[in-house]
Amino acid sequence: MPTVAADPGPFTFDLDSTALIVIDMQRDFLLPGGFGESLGNDVAQLRRTIAPLAALLAAWRAAGLPVIHTREGHLPDLSDCPPAKLKRGSMIGQPGTFGKILIRGEYGHDIVDELQPLPGEPVVDKPGKGAFYATNLDELLRETKTLIVTGVTTEVCVHTTVREANDRGYECLVLSDCVGSYFPEFQSVGLRMIAAQGGIFGWVSESSALLKEITR
Ligand code: TIU
């Protein structure tokens, strides 16, 4: 079984029951001129995850291992958008640079070109921050015990998903170079929170450490 150097300590897991999850690598969050940037956010902080994630995806696919992608967004009539979310996110469903913001089927809602899912790879559309809430993710992960967690943003959808996964019995390895936050301090503290207290939510490592194990 592979072991990767991680915080708070070495993480050993079985590749036969491990899946890679790529969370919300959507144009609305990552593209210059998009929704995320229109809120005053620095998309460069997220875009630095694209290259290491593309390299990991290539190796992961070459090893024949399972990958699941997620996208945050809503039906065009917003009937699946929790009212409390819409209240604080009134731009959801409004016209943006890349189509209606966070609406399924719009260009901006889809995944960036560099990380497009391949045919057959599940894409989980989620209305919330966590990937388990109101989705079939738990059913897709029937054979899975370990999640390799990547995507954006570290303190929002990544954290929520990692917390949900913990309560459902999954072990999570979060890759620091493959998750990103618009805010450097949240990136740093968000990762520390996962590994704190002996790994309260999981382990934190880098993609290079994992790549060594899957490209042997
Ligand atoms: N995917 C995700 O994290 N959605 C967000 O809204 N993130 C923010 O940081 N705003």
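Owing to the predicted nature of the structure, the values given are computational and were not obtained by experimental measurement. (Residues numbered from 1 in each chain as written. Predicted model: local features only at pLDDT ≥ 70, side-chain atom pairs only at ≥ 80, totals over all residues. Heavy atoms only, no water.)

Caption draft 1: Geometry of the sheet that holds strand β7 (residues 123-126). On the basis of which strands lie adjacent, the open sheet formed by six strands has the order β7-β4-β3-β8-β9-β10 and parallel pairing. Either end of the sheet is taken by a strand with one partner, and the two such strands are β7 and β10 (203-205). Going across the sheet, the axis of each strand differs from the next one's by a mean of 25°, ignoring polarity. By the bridge criterion, three bridges tie strand β9 (residues 171-180) to β10 in an arrangement that is parallel. For Leu 173, the partnering residue across the bridge sits in β10 and is Trp 203. (Pairing = 2+ DSSP bridges. Helix = DSSP H or I, 4+ residues; strand = E, 2+ residues; numbered from the N terminus. Axes fitted to C-alpha atoms, helices over the stretch in contact; angles between N-to-C directions.)

Caption draft 2: Fine view of the site of the ligand. By nearness alone, every residue bordering the ligand is listed as Asp 24, Phe 29, Glu 72, Lys 129, Val 152, Thr 153, Val 156 and Cys 157. Here an oxygen atom of the ligand and a side-chain polar atom of Thr 153 are 2.8 Å apart. When the ligand sits alone it has 280 Å² of accessible area, and the protein chains cover 82% of it. Its residues assigned to classes, the shell around the ligand comprises four nonpolar, one polar and three charged. (Near = heavy atom within 4 Å. Polar contact = N/O pair within 3.5 Å; in protein donor to acceptor, adjacent residues only side chain to side chain. Areas by Shrake-Rupley, 256 points an atom, 1.4 Å probe, with all protein chains shown as cover. Nonpolar A, V, L, I, M, F, W, Y, C, P; charged D, E, K, R; others polar.)

Caption draft 3: Representation of the packing of aromatic side chains. Throughout the structure, instances matching the rule amount to five aromatic pairs. Ring plane angle 15° and centroid distance 5.2 Å describe the contact between Phe 11 and Phe 13, whose orientation is recorded as stacked. Phe 13 carries the same exposure label as Phe 11, and that label is buried. Here a set of aromatic residues connected by ring pairs shows up, and it is made of Phe 11, Phe 13 and Trp 203. Over the face of the ring belonging to Tyr 107 we find Arg 27, whose NZ or CZ atom lies 3.7 Å from the ring centre. (Phe/Tyr/Trp six-rings, centres within 6.5 Å; stacked < 30°, edge-to-face > 60°. Buried < 20%, exposed > 50% of the residue type's maximum accessible area, 1.4 Å probe, protein only. Lys NZ or Arg CZ within 6 Å of the ring centre and 35° of its normal.)

Caption draft 4: Representation of the packing of helix α7 (residues 154-167) against helix α8 (residues 184-199) in the model. Direction vectors running N to C along α7 and α8 enclose 10°, while the axes themselves pass 10 Å from each other. Compared by their axis directions, α7 and α8 come out roughly parallel. Residues Thr 154, Glu 155, His 159 and Arg 163 of α7 touch α8, and the partners they reach there are Phe 186, Gln 187, Gly 190, Leu 191, Met 193 and Ile 194. Looking at the contact of α7 with α8, its residues break down into four nonpolar, four polar and two charged. (Parallel < 35°, antiparallel > 145°, perpendicular 65-115°, else oblique. Contact = heavy atoms within 4.5 Å.)

Caption draft 5: Layout of helix α9 (residues 207-214). All of the buried residues in α9 are Ser 207, Ala 209, Leu 210, Glu 213 and Ile 214. Viewed along the axis of α9, the buried residues span an arc of 160°, placing them on a single side of the element. Contact partners of the buried residues in α9: β1 (3-4), α4 (50-62), β8 (146-152), β9 and β10. (Arc of directions from axis to C-beta.)

Caption draft 6: Broad picture of the pairing of β9. Judged by how many residues are buried, β9 sits mostly within the fold: eight of 10 residues are covered. Sheet topology note: the β8/β9 ladder contains six bridges and is parallel. By the bridge assignment for β9, Thr 146 is matched with Glu 171. Between the parallel pair β8 and β9, the chain is carried across by α7, and the sense of this crossover is right-handed. Read as a crossover between parallel neighbours, the route from β9 over α8 to β10 is right-handed. (Right-handed = clockwise from strand over helix to strand, strands pointing away.)

Caption draft 7: Local environment of the environment of Pro 95. Along the chain, Pro 95 falls in strand β5 (residues 95-96). In sequence terms Pro 95 and Phe 35 are 60 residues apart; their C-alpha atoms lie 9.8 Å from each other. Not counting the four nearest positions on each side in its chain, Pro 95 is found in contact with Lys 100 and Ile 101.

Caption draft 8: The arrangement of the pattern of salt bridges in detail. With the rule as written, the count across this model stands at eight salt bridges. Taking the shortest distance from any N to any O, the salt bridge between Arg 61 and Glu 121 comes out at 2.7 Å. A residue pair is termed long-range when its members are at least 10 positions apart, and Arg 61 in helix α4 and Glu 121 in the loop between β6 (99-100) and β7 qualify at 60 residues. We classify Arg 61 as partly exposed; its relative accessible area is 25%. Under the relative-accessibility criterion, Glu 121 is labelled buried at 13%. Among the ionic pairs, Asp 80 bridges to Arg 104, the shortest N-O distance being 3.3 Å. On the criterion of sequence distance, the pair formed by Asp 80 in the loop between β4 (67-72) and α5 (83-88) and Arg 104 in the loop between β6 and β7 is long-range, its members being 24 residues apart. Within this structure, Arg 71, Asp 110 and Asp 125 form a network of salt bridges that share partners. (Salt bridge = Lys/Arg side-chain N within 4 Å of Asp/Glu carboxyl O.)

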